[in-house]
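Chain by chain, the residues run as shown.
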Amino acid sequence: MLPPELPPLPALTRAEAEFVDTYLEVVDLLGRINPARGTHTYTALRAAQALVGRAVALKDALTLMHIRGESEVYPHTLTEAMRVLDGERRANRVTMPPV
């Protein structure tokens, strides 16, 4: 049985796509670092080490957007893209687990 087909990503500039992808990578790493959800210090350490590079990539994506004159962020479009990329589940790992 095939998994359900995902809706298409909204049209994004290359810089916007890089912004969304890199942001979600940072969220994934923060989820692995989250002491309320993790179980191993080594996993959190590796994620923290990787976070530095991904934060730089996120800054670079935003810098590129700014240089290209993309001075506004369109929350509706970027939220739609993050939803297609499973952003809600990924961001949930950063929060406190339910009691």
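The preceding data block contains the structure.
We now turn to the structure provided with this report. Worth saying up front: this structure is predicted, and the values here are computed from it rather than measured.

### Details of the side chain of Thr22
Piece 1. Assignment of secondary structure puts Thr22 in helix α1 (residues 14-33).
Piece 2. There is a polar contact of 2.7 Å between the side chain of Thr22 and the backbone oxygen of Glu18.
Piece 3. Each residue touching Thr22, except ones within four places of it in the same chain, is listed here: Arg54, Ala57 and Leu58.

### Here's the deal with the pattern of salt bridges
In a structure, side chains of opposite charge can pair up when their charged atoms sit close to one another.
Piece 1. Taken as a whole and judged by the stated rule, the model has five salt bridges.
Piece 2. The closest approach of N and O atoms between Asp28 and Arg90, which form a salt bridge, is 2.6 Å. Linking Asp28 in helix α1 with Arg90 in helix α4 (residues 87-92), this pair joins segments that are 62 residues apart in sequence.
Piece 3. Linking Arg83 and Glu88 is a salt bridge whose minimum nitrogen-to-oxygen distance equals 3.4 Å.
Piece 4. Look at Glu88 and you get exposed, because its relative accessible area is 54%.

Criteria and cut-off values
- Residues numbered from 1 in each chain as written.
- Predicted model: local features only at pLDDT ≥ 70, side-chain atom pairs only at ≥ 80, totals over all residues.
- Heavy atoms only, no water.
- Helix = DSSP H or I, 4+ residues; strand = E, 2+ residues; numbered from the N terminus.
- Polar contact = N/O pair within 3.5 Å; in protein donor to acceptor, adjacent residues only side chain to side chain.
- Contact = heavy atoms within 4.5 Å.
- Salt bridge = Lys/Arg side-chain N within 4 Å of Asp/Glu carboxyl O.
- Buried < 20%, exposed > 50% of the residue type's maximum accessible area, 1.4 Å probe, protein only.

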